[in-house]
Amino acid sequence: MRDQPAVAPPARGAIHDLGYARYQGTRRAPSSNWLVIARQQIAFAWSTWWRWKLALGLAVVITAIGGGILYLVPGAGGDLTVATTMSFYRLPAFVVSMTMTSMLVARDMETGAFAFYFSRPVRPIDYVAGKLAGNFVVMACLLLAGPVLLALFRIAISSSWSATTEALPMVAVVALVGVIASLFFAVVPLAISALLGRRWLALGLWAGYYVPLTTILAIMGQVGPRSIAALDPPHALESIAFRLGEVRLPGNGDTHPSLAAAAIALGALIVVATGVFAWSVASRGTAAVGASS
């Protein structure tokens, strides 16, 4: 019987993905996820002129005008000038809240970004902390940096040591009020956005709350119990600034609520808004595809 020729084994080939490249960058711990989200949020705010850049320009103009008044009209009215000028910084902060913050979380929900954010290892707490931190930095650049610079400028142009020591406490006052105001403008629009989940609904509710509703509360505080005005965040912020800084408006009487009422109202509002924001993100985020717990 003739030997049969050996059959060669089939050739085997390997397919290589020439587009693949191993990641060589920095590997971060999962605990730093919130910081990555915060940085992305700041970059997103800076990406177009009509979000953060426009508001920063308005804040710079307000700071320049306030500094000019302090320089041209020096004297005992410095605290009054600083405290009064602080209220104007809320305009650029409101611009940012309307163009970005109040629609931020709802935008992620509508575009399906939650399925991306909450794929492992990103957790709802990372999203909440990152968005809060990023938006706090954005708001602090408007509501904290300018007033503190004005208070420091007032110290720089003081004509005597006694005037300098009298101006020092106002730096701490404006810093505290700036932090509280930044927290309010960062967390309340985010809470509304996360709760409703629709951009234009969230924008409308935030605008309706901040403009007509708080104005009605302020008017009710003028004609009725003054403590009602503490429910108006701008009035409450002014009350903390004026009362801690021991600043008195010229003319008739004091129209601001008490320091205790203003502090309690703002503190409760910020705490409740933070809780609503965290709960809304957790309930929606854990339901997303591939979400981590």
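Quick notes on the rules
- Residues numbered from 1 in each chain as written.
- Predicted model: local features only at pLDDT ≥ 70, side-chain atom pairs only at ≥ 80, totals over all residues.
- Heavy atoms only, no water.
- Helix = DSSP H or I, 4+ residues; strand = E, 2+ residues; numbered from the N terminus.
- Contact = heavy atoms within 4.5 Å.
- Buried < 20%, exposed > 50% of the residue type's maximum accessible area, 1.4 Å probe, protein only.
- Salt bridge = Lys/Arg side-chain N within 4 Å of Asp/Glu carboxyl O.

(A) Inspection of the environment of Gly-66 at higher detail. Looking at the element boundaries, Gly-66 is found in helix H2 (residues 49-72). Note: C-alpha distance between Gly-66 and Thr-85 (19 residues apart in sequence) is 6.3 Å. Contacts of Gly-66, omitting those with residues within four sequence positions, involve Thr-81, Thr-85 and Leu-150.

(B) Region of the structure containing helix H3 (residues 78-86). Judged by how many residues are buried, H3 sits mostly within the fold: 7 of 9 residues are covered. Within the span of H3, buried status applies to Gly-78, Asp-79, Thr-81, Val-82, Ala-83, Thr-85 and Met-86. For H3, the secondary structure elements touched by its buried residues are H2, helix H4 (90-110), helix H7 (145-156), helix H8 (161-196) and helix H10 (233-244).

(C) Representation of the side chain of Asn-135. Note that Asn-135 resides in helix H6 (residues 124-143). Each residue touching Asn-135, except ones within four places of it in the same chain, is listed here: Gln-41, Met-100, Thr-101, Leu-104, Ala-186 and Leu-190.

(D) Looking closely at the pattern of salt bridges. Per the stated rule, a full pass over the model turns up 5 salt bridges. Here Asp-79 ties to Arg-154 by a salt bridge, and the two come within 2.1 Å at their closest N and O atoms. With Asp-79 in helix H3 and Arg-154 in helix H7, this residue pair connects regions lying 75 residues apart in the sequence. For Asp-79, a relative accessible area of 16% translates into the label buried. On the basis of relative accessibility, which here comes to 11%, the residue Arg-154 falls in the buried class. As a salt-bridge pair, Glu-110 and Arg-199 come within 2.6 Å of each other at their nearest N and O atoms. In this pair, Glu-110 sits in helix H4 while Arg-199 sits in helix H9 (residues 199-223), placing the two residues 89 residues apart along the sequence. When its relative accessible area of 28% is taken as the criterion, Arg-199 is described as partly exposed.

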